[in-house]
Amino acid sequence: MQDFINVILPIPIEKLFTYKVTEEEAKLLKPGMRVAVPFGKSKIYTALVFEIHNTPPIVYEAKQIDQILEDHPVVTKVQLKFWHWLAQYYMCSIGEVFRAAVPSALLLESETLILRNERATIEESDLLDDEFMVFEALQHQSILRVQEISDILDKKNIIPVLNRLLKKNIIFLKEEMYEQYKPKLVRYVQLGKSHRSEENLEALLNGMTRAPKQSQVVLTLFQLQAVTKKPVKVSDLENASNSSSAIIKTLIDKGILEEQFVQTDRVVYEGGDETETLKSLNDFQKEALKDIKSSFKDNKVVLLHGVTSSGKTEVYVKLIEEYANQGKQALYLLPEIALTTQLISRLQAYFGEKVAVYHSKYNVQERVEVWNNVLENKPVAQIVIGARSALFLPFNDLGLVIVDEEHESSFKQYDPAPRYHARDAAIVLGNLHGSDILLGSATPSVESFYNVKVGKYGYAHIERRYGNVLMPDMELVDIKEQSRKKRMKGHFSERLLEEITETLDNGEQVILFQNRRGFAPIMECTTCGHAPQCPNCDVSLTYHQHRKQLRCHYCSYHIALQETCQACGSATLDTKGFGTEQVEQELNTLFPKANVGRMDLDTTRGKHGYEKIITSFEQQEIDILVGTQMLTKGLDFRNVNLVGIMNADSLLNFPDFRAHERSFQLLTQVAGRAGRTKKRGKVIIQSYNPNHRILQQVTTNDYLGMFQEQIYEREQYKYPPINRIIKITFKHKDYNKLNDAAEWFAKSLRNSFGGNVLGPEYPPVARIRNQYIKNVIVKIGENYSLVKTKNSIKRIEKSFNAISYYRGVRVIYNVDHI
Ligand code: ADP
Ligand code: ZN
Ligand code: ZN
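Residues numbered from 1 in each chain as written. Chains lettered and ligands numbered in written order. Predicted model: local features only at pLDDT ≥ 70, side-chain atom pairs only at ≥ 80, totals over all residues. Heavy atoms only, no water.

- If you check an unreviewed UniProt entry, the protein chain appears there as Replication restart protein PriA from Arenibacter palladensis.
- The Function (unreviewed entry) comment attached to the protein chain in UniProt states, word for word, "Initiates the restart of stalled replication forks, which reloads the replicative helicase on sites other than the origin of replication. Recognizes and binds to abandoned replication forks and remodels them to uncover a helicase loading site. Promotes assembly of the primosome at these replication forks."
- For the record of the protein chain, the UniProt heading Subunit (unreviewed entry) holds the text "Component of the replication restart primosome." (UniProt positions renumbered as here; feature names shortened; annotations may be inferred.)

Following this line, the structure appears as structure tokens:
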């Protein structure tokens, strides 16, 4: 009897593919093992065994596999089930899930580019012959294709060689050419060893009578160290002793002080230090924990609704500890951007090396390591903290899943497929493992709170901030009025300026929020009204002053700043609207003595860009931090007393049924950065429309009021959570073809679903990278089957694909689009 395997190929084809295997291979193979297989004329892919059987395929002759890549499954049965669910629910192929789920080092294929690791130290004698040949070839040519290596070795399947070279750290794969990063070092000093005792110090000071400035520094350092015992930052010492870095340097040169550099933004746990004991919870936290646990007994997903700074993290930590003590794995999911060193170090302080971190900014090697540690259920990866891709790790004894900041829309994968929502997928994953699931937020999504209301989820609540710190005092400032009276300085109202001045005078820090990056979103000619547009996308270019450029935020197009209008030639170009860059510039003029920092996409690129800014804000090297919504994500700064929102209106006016919910969440979260520890913080919200319902609800912390109004509107207009939606996007570079195609599809949908089909409509930006875009939305009522609806849509797509004129039009499904 012939043996066959069905495999998942990492490409968007609908079906599994069948290959022939020998009897021995069939005995060895198990679902979840990788094999290298030929595909098409000359390609080789890494495929994943799904099942082993004896039925030959009907329409094609099965090919032989090339090679088995390992002796044990790297993907578990539960994972395969999970992938299957994802593909079904989010309407994509399981191959696309495979590709998204595993680190790319496990996915070597004929198109992968191979590079030499320049930093590796290599003992040539350690290399096998084939390894050496590749190594040598890479000395002559820095990038090789799999095909080229295949030619060099005169072998078809070279994936095993590459795997070995990867393990030995000799090569990189193309995608991981990450930047050379130099960690940020902070300079600390302490008294030299021989001067630390009191007598010796006295002798030292006596000998310094003719250098009063130096002795001042030594005395100050002595005082500082009496308080902290830790080494003292050079900048702190400079300030406290009123001296200069030159004097400190002299003392270091004389050996009176010792200097030391400490890396501040590393993520890796260095071990050594004792782990801290967990903080004991206050009564509110204890109550919440009790409620959570009792809901878990009823097998319910629980929503922890705790105001900003109520100490949710400490509650998570307590829970994690309990599961870890039972030897179970725990997964702590966060939106990518909220995954900060702040939080990671907090967890590592409690759990030491049990904590593993998994997210996309880690290189492939690091990710494969975490993958294997989780697969083998090693203690070093018992607690995984990660962004949404951590859902795909091969857990085998997952006891607890936490989804923090569950309201965050960035949990939804946008492109490419699978377009999954990490919160919802986490719930499915948890159920497959029989784990307990906790969602947490200060501003729960309308969806999750609705599930609480209808009894589907359990609920726990913390209404007070930790330490009984009051919620910040919020003040709305009417900038329409202020502009009319010509009281604005740039984009700052008098009130905001007063508060900034006072905060800085008190030695405290300020956060300012503006939802746009760049200098100004639009540059417009005041003579003819022309605004420079991106040639590839239907948007105006954004003015970036720092680089003197006009840039498109949808593609990489940019041009130098224009002096004169391209349409009419007059030199009357002016900016409209404003972004973070402009706020930063105005601050530099208004508060010349303050250090202003900026946190947006432009300043946080690179592996550690974001951490660098957070660290220097934390260390108070920055007085005022201006930023986009990156600022909102779970940061815990102790010295921030004022938060200013430059303009709340652009958020509220966004054309989307979730705009109001999102504004509430965003504003509440930014406001929550103020006054987290001792003193009551202050928040100033500038708006042209301060009477807007949402602004009123934000300033009175009226979550319930917001929820009720939103749910009423969603019911009226048939939006989630009461109905479900599937967005279908059509893309093509030919405008007419796109229109016809979308029209045809929508009409067919209407035949099945009638009035529950909206569109086709152009999105606000109707062309991106020269592709025209149209959307159709299908709403699915409470009493309709989601599965049947999807099947009908798929049937329509089949007929659609049969029409040759529409070939080339991309159809993209986004289930539960947000
Ligand atoms: P949230 O995640 O709800 O915004 P955090 O967990 O960041 O709040 O807590 C806010 C602050 O209060 C943090 O600085 C944290 O260290 C402190 N905190 C919270 N709970 C406790 C506790 N039980 N004991 C001591 N400090 C706590
Ligand atoms: Zn003009
Ligand atoms: Zn563009």
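Now, onward.
**Quick notes on the pairing of strand S34 (residues 771–780)**
(1) Moving on: Where burial is concerned, most of S34 is hidden: eight out of the ten residues are buried.
(2) Moving on: Bridge count between strand S32 (residues 757–761) and S34: three bridges; the pairing is antiparallel. Looking at S34, one finds that Leu 758 is bridged to Ile 777.
(3) Moving on: For strand S33 (residues 767–768) and S34, the ladder comprises two bridges, and the chain directions are antiparallel. Within S34, the position partnered with Ile 768 by the bridge is Gln 771.
(4) Moving on: Taken together, S33 and the strand that follows it, S34, pair antiparallel across an intervening segment of two residues, in which Arg 769 is found at a positive phi of about 50°. (Buried < 20%, exposed > 50% of the residue type's maximum accessible area, 1.4 Å probe, protein only. Helix = DSSP H or I, 4+ residues; strand = E, 2+ residues; numbered from the N terminus. Pairing = 2+ DSSP bridges.)

**Some remarks on the site of ligand 1**
(1) Moving on: Around ligand 1, a shell composed of 17 residues is seen, among which Ser 280, Ser 309, Lys 312, Asp 636 and Arg 638 lie nearest.
(2) Moving on: In the model, an oxygen atom of ligand 1 is placed 3.0 Å from a nitrogen or oxygen of the Gly 311 main chain.
(3) Moving on: Lys 312 places a polar side-chain atom, nitrogen or oxygen, 2.8 Å from an oxygen atom of ligand 1.
(4) Moving on: Starting from 550 Å² of accessible surface for ligand 1 in isolation, the protein chains cover 88%.
(5) Moving on: Considering every element that reaches the shell around ligand 1, the biggest residue donor is helix H12 (residues 312–325), with three residues.
(6) Moving on: Of the residues belonging to the shell around ligand 1, the class tally is three nonpolar, seven polar and seven charged. (Near = heavy atom within 4 Å. Polar contact = N/O pair within 3.5 Å; in protein donor to acceptor, adjacent residues only side chain to side chain. Areas by Shrake-Rupley, 256 points an atom, 1.4 Å probe, with all protein chains shown as cover. Nonpolar A, V, L, I, M, F, W, Y, C, P; charged D, E, K, R; others polar.)

**Re the coordination of the zinc ion (ligand 3)**
(1) Moving on: On the protein side, the zinc ion (ligand 3) has Cys 534 (SG), Cys 537 (SG), Cys 552 (SG) and Cys 555 (SG) as donor atoms, found 2.2 to 2.4 Å from it.
(2) Moving on: One way to put it: the four donor atoms around the zinc ion (ligand 3) meet at angles of 103 to 112°, and that makes the site tetrahedral.
(3) Moving on: On the basis of relative accessible area, Cys 537 is assigned to the buried category, the value being 0%. (Donors = N, O, S within 2.8 Å, 3.2 Å for Na, K, Ca; no water. Tetrahedral: all angles 85-135°; square planar, octahedral: opposite > 155°, others 65-115°.)

**Structural notes on the pairing of strand S19 (residues 458–462)**
(1) Moving on: With burial as the criterion, only one face of S19 is covered, namely that bearing Gly 458, Ala 460 and Ile 462; the residues Tyr 459 and His 461 on the opposite face remain uncovered.
(2) Moving on: Bridge count for strand S13 (residues 302–306) against S19 is five bridges, and the pairing is parallel. Bridge pairing in S19 places Leu 304 opposite Ala 460.

**Digging into the coordination of the zinc ion (ligand 2)**
Octahedral metals with six donors have ideal donor angles of 90 or 180 degrees. Tetrahedral metals with four donors have an ideal donor angle of 109.5 degrees.
(1) Moving on: The coordination sphere of the zinc ion (ligand 2), as far as protein atoms go, consists of Cys 525 (SG), Cys 528 (SG), Cys 565 (SG) and Cys 568 (SG), spread over 2.3 to 2.4 Å.
(2) Moving on: For the zinc ion (ligand 2), the four donor atoms in the first shell make angles of 104 to 113° at the metal, a pattern classed as tetrahedral.
(3) Moving on: Spacing between the donor residues of the zinc ion (ligand 2) along the chain follows C-x2-C-x36-C-x2-C. In this pair, Cys 525 is assigned in strand S22 (residues 522–525) and Cys 565 in the loop between strand S25 (558–560) and strand S26 (573–576), connecting sequence segments 40 residues apart.
(4) Moving on: Overall, Cys 525 belongs to the buried group, its relative accessible area being 2%.
(5) Moving on: Overall, Cys 565 belongs to the buried group, its relative accessible area being 3%.

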